[in-house]
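Now for the letters of each chain:
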Amino acid sequence: GAVVSQHPSWVICKSGTSVKIECRSLDFQATTMFWYRQFPKQSLMLMATSNEGSKATYEQGVEKDKFLINHASLTLSTLTVTSAHPEDSSFYICSAWPDSGPQYFGPGTRLLVL
Amino acid sequence: AQSVTQLGSHVSVSEGALVLLRCNYSSSVPPYLFWYVQYPNQGLQLLLKYTSAATLVKGINGFEAEFKKSETSFHLTKPSAHMSDAAEYFCAVSDLNNAGNMLTFGGGTRLMVKP
């Protein structure tokens, strides 16, 4: 139980394009989902907290217009990197929180912007 | 505000040796504490968690951690390292009173196991 999936697992895109990453909780409902970013050999940095049916809460320094988050259902949150640039290349990890207990993490999405 | 410090970004042990990964936290309220493991190109897997019950917490794969309030520590140990334990380990803290269960991560410790 408590499986979280991410799609795609890998994406390579040209600079200036937009990329959408999906995060799904497969066997539980998650009112809250989190999006993290991890640079090589570094820790996870929280980007935003996604709440179903309401606007996401962004951490300081994260551009909300660049990283669009939509949490339209209790099992799906999406992160769209708009007008991606090479500096956006990173490992993006989502987690889902079933209102109690720990967060459950997805396998991550590696984004490479050329 | 909460913070987590993991002493030693890299730890190397021989197969069969004791594993000790250090974690110290700072929290103004009673904390939840977690250890996660990350294998290359994968997400995080929960090893164990402390949630104010027993101070010695047993997790998966033979790992355990002890919550010591006086030392504000939550070190991770395993009596005998296996090659398969080589991975990145993250300690994290969360606020017991935080309904969103937001996590603050330490910088991570890469465990290397020598044959």
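Residues numbered from 1 in each chain as written. Chains lettered and ligands numbered in written order. Predicted model: local features only at pLDDT ≥ 70, side-chain atom pairs only at ≥ 80, totals over all residues. Heavy atoms only, no water.

Colleague: Would you explain the interface of chain B and chain A in this entry?
Modeller: Accessible area lost on assembly of the parts is the figure often given for the size of an interface. Counting residues at the interface gives 18 residues for chain B, matched by 19 residues for chain A. Both sides of the chain B and chain A interface together cover about 1400 Å² of buried area, and 59% of this is carbon and sulfur. Here chain B and chain A share 3 residue pairs in polar contact (both at pLDDT 80 or more) between them. Contributions of two or more residues to the side of chain B that touches chain A are made by strand E5 (31–38), strand E6 (44–50) and strand E11 (103–105) of chain B. (Contact = heavy atoms within 4.5 Å. Buried area = accessible area lost by both parts, 1.4 Å probe. Polar contact = N/O pair within 3.5 Å; in protein donor to acceptor, adjacent residues only side chain to side chain. Helix = DSSP H or I, 4+ residues; strand = E, 2+ residues; numbered from the N terminus.)

Colleague: In this structure, what is going on with a nonpolar patch on the surface? I would like to understand it.
Modeller: A grouping of Trp-10, Ile-12, Leu-112 and Leu-114 of chain A is seen on the molecular surface, where their side chains present a nonpolar patch of about 450 Å² in accessible area. Here Leu-112 of chain A shows up in strand E11 (residues 109–113). (Patch = residues over 30% accessible without salt bridge, like charges linked within 9 Å, V, L, I, M, F, W, Y side chains within 5 Å. Areas by Shrake-Rupley, 256 points an atom, 1.4 Å probe, with all protein chains shown as cover. Salt bridge = Lys/Arg side-chain N within 4 Å of Asp/Glu carboxyl O.)

Colleague: Would you mind showing me how to read the pairing of strand E2 (residues 10–14) of chain B here?
Modeller: Consecutive residues of a regular strand have side chains that alternate between opposite faces of the sheet. Residues and elements named next belong to chain B. Side chains of E2 alternate between two faces, with Val-11 and Val-13 buried and His-10, Ser-12 and Ser-14 left unburied. Note that E2 and strand E12 (residues 109–114) share 5 bridges and pair parallel. Of the residues in E12, the one forming a bridge with His-10 is Arg-110. (Buried < 20%, exposed > 50% of the residue type's maximum accessible area, 1.4 Å probe, protein only. Pairing = 2+ DSSP bridges.)

Colleague: Honestly, the side chain of Ser-50 of chain A in this entry has me stumped. Any pointers?
Modeller: With respect to the secondary-structure elements, Ser-50 of chain A resides in strand E5 (residues 44–51). Side chain to side chain, Ser-50 of chain A and His-71 of chain A meet in a polar contact 2.7 Å long.

Colleague: Would you explain the pairing of E11 of chain A in this entry?
Modeller: All names here are of chain A. Residues Thr-109, Leu-111 and Val-113 point to one face of E11 and are all buried, whereas Arg-110 and Leu-112, pointing to the other face, are not buried. Across 4 bridges, strand E2 (residues 10–13) lies against E11 in parallel orientation. When the bridges of E11 are listed, Cys-13 appears paired with Val-113. Sheet topology places strand E9 (residues 90–97) next to E11; 3 bridges connect them, and they run antiparallel. Paired with Ser-90 across the bridge in E11 is Leu-111.

Colleague: Would you explain the packing of aromatic side chains in this entry?
Modeller: Aromatic ring pairs are described here by two measures, namely the spacing of the ring centres and the angle between the planes. Taken as a whole, this structure holds 15 aromatic pairs over all chains when the rule is applied. Ring plane angle 25 degrees and centroid distance 5.9 Å describe the contact between Tyr-25 of chain B and Phe-67 of chain B, whose orientation is recorded as stacked. You can see Tyr-25 of chain B sitting in strand E4 (residues 24–26) and its partner Phe-67 of chain B sitting in strand E8 (residues 64–68), a full 42 residues away along the chain. Look at Tyr-25 of chain B and you get buried, because its relative accessible area is 9%. Aromatic rings pair up to connect Phe-34, Tyr-36 and Phe-105 of chain A together with Tyr-32, Phe-34, Tyr-36, Phe-90 and Phe-105 of chain B into one cluster. (Phe/Tyr/Trp six-rings, centres within 6.5 Å; stacked < 30°, edge-to-face > 60°.)

Colleague: Explain unusual backbone geometry to me, please; I cannot follow it from the model alone.
Modeller: What you tend to see is this: most non-glycine residues have negative phi, and most peptide bonds are trans. With an omega dihedral of 0 degrees, the bond running from His-7 of chain A to Pro-8 of chain A counts as a cis peptide bond. Position of Pro-8 of chain A relative to the elements: it lies in the loop between strand E1 (4–7) and E2. The backbone of Asn-61 of chain B shows a phi angle near 60 degrees, a positive value even though the residue is not glycine. Inspection of the secondary structure puts Asn-61 of chain B in the loop between strand E7 (56–58) and E8. A relative accessible area of 42% means that Asn-61 of chain B is categorised as partly exposed. Of note in the backbone geometry, Thr-72 of chain B takes a positive phi value of approximately 45 degrees without being a glycine. By the element assignment, Thr-72 of chain B lies in the loop between E8 and strand E9 (73–78). For Thr-72 of chain B, a relative accessible area of 32% translates into the label partly exposed.

Colleague: I'm lost on the nonpolar core in this one. Help?
Modeller: Most often, soluble globular proteins keep nonpolar side chains buried together rather than apart. One finds Trp-35, Leu-48, Phe-74, Leu-76 and Tyr-89 of chain B to be the most contacted residues of the largest nonpolar core, which totals 26 residues. Elements represented by at least two residues in this core include exactly E2, strand E3 (19–21), E5, E6, E8, E9, strand E10 (87–95) and E12 of chain B. It is E10 of chain B that provides the largest number of residues to this core, a total of 4 residues. For Leu-48 of chain B, the contacting residues outside a window of four places in its chain are Leu-33, Phe-34, Trp-35, Val-57, Lys-58, Gly-59, Phe-63, Glu-64, Ala-65, Phe-74 and Leu-76 of chain B. Core analysis: the second largest hydrophobic core is formed by 23 residues, Val-4, Cys-23, Ile-69 and Ala-84 of chain A among them. (Core = buried A, V, L, I, M, F, W, Y, C linked by side-chain atoms within 4.5 Å.)

Keep in mind these values describe shape, not function.
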